[in-house]
Structure formats: C-alpha cells, structure tokens
Amino acid sequence: MKEISLTHGGHQWDKKNLVTQEDRKGQYDLLRCKFCGIEGKRYSLDTIQVYDRYVKKIDCCPKAPRGKRIKVVRTTAFGPAFANLVPGSVHDVVDAPAGQDSERGVWVMGCGEPVLLLFGEFVYL
C-alpha cells in the first residue's frame, strides 16, 4: 500500500462502508474515487493508503474536473520565484513552458516566471 494525501491527484473520494471498520492497524474507512475507481483505506483524516494494484493511477485522476484557478494549500518549494505562493492564495493556471509537461501538477505564474505546483499542494476552484 502507498500512502498519499486526500487532495493528491484531483481524486474525488466517496466512502464505501456505512460503519467504520477495524483491523490490527486500527479503525479505517474504505474510500473509492468516483472518477477513476481507485480504492484505499483511510486511517486518519488527511491521508489514504491506496492498494498496490492502483499505484499507476495515483498521480493524476484522468476524469477529475480541472479548473482554471487553484488555491494553494501548502508549498514545499523555496526561492524568489515562489514568494507569492503562500497558503490560501488563489492563482490562475497557465500553460506549461516549452519543453515541460503538467504530469506532476499545474503551472501557475510565480514572481516573474511560471512555476510548477505539485499535486497535493493545491486544490482546484
């Protein structure tokens, strides 16, 4: 199992069980993405342990709605280009620079240049 944040990859999680389950690790809920169908167990409020058979689909949910604006949740990057990316700030999504892709997140305008925000560091508006 691989542990990820609930906001990772744009997944929309639905609870599958009516009553919280319990195993040797503790109490958990079974969750399933309503867009791509990956499943996992949630032992805490902010992370989910996804089953190994869904590891290839973890990084980006292909059917998740993609917005043109995002809200920053947290940022692990540092440097002058990331000075305006503080938690709670809202930014427009921009096209990826030439030679770059958007497989790991979205591109937004930093201080003077486009920067990549990774999945889990933002939510779509």
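Because the structure is predicted, anything quoted here is derived from the model rather than measured.

A. Inspection of the packing of aromatic side chains at higher detail. Taken as a whole and assessed by the stated rule, the structure comprises three aromatic pairs. Note on Tyr 28 and Tyr 43: the rings are 5.5 Å apart at their centroids and 50° apart in plane angle, and the pair reads as tilted. One end of the pair, Tyr 28, is in strand 4 (residues 26-33); the other, Tyr 43, is in the loop between strand 5 (39-42) and strand 6 (47-50), with 15 residues separating them in the sequence. A residue is classified by how much of its surface remains accessible, and Tyr 28, at 11% relative accessible area, is buried. The interplanar angle of 90° and the centroid separation of 5.3 Å between the aromatic rings of Phe 122 and Tyr 124 together place this pair among those described as edge-to-face. In this structure Phe 122 comes out as buried when scored by relative accessible area, which is 3%. An aromatic cluster of three or more residues is present, and its members are Phe 119, Phe 122 and Tyr 124.

B. How the structure looks around the environment of Arg 104. Examined against the element boundaries, Arg 104 turns out to sit in the loop between strand 8 (90-94) and strand 9 (105-109). Among the residues examined, Arg 104 registers a relative accessible area of 54% and is labelled exposed. Those residues within four positions of Arg 104 in sequence are excluded, and the remaining contacts are Leu 116, Leu 117, Leu 118 and Phe 119.

The rules behind each value
Sequence order as written defines the numbering, with residues in each chain counted from 1. Selection of residues for local features in this predicted model requires a pLDDT of at least 70, selection of side-chain atom pairs for listing and counting requires 80 or more, and totals for whole chains, interfaces and linings are taken over all residues. Side-chain measures were taken over the full set of non-hydrogen atoms in the model, leaving aside hydrogen atoms and water. Pairing of aromatic side chains requires ring centres within 6.5 Å, counting the rings of Phe and Tyr and the six-membered ring of Trp. Pairs whose planes differ by under 30 degrees are stacked, by over 60 edge-to-face, and all others tilted. Only DSSP runs of H or I covering at least 4 residues are called helices, and only runs of E covering at least 2 are called strands; the numbering of each starts at the N terminus. Under the scheme applied here, a residue whose accessible area is under 20% of the maximum for its type counts as buried, over 50% as exposed, and between as partly exposed, the area being computed with a 1.4 Å probe on protein chains only. Contacts are residue-level and defined by heavy atoms, with any inter-residue pair within 4.5 Å sufficient.

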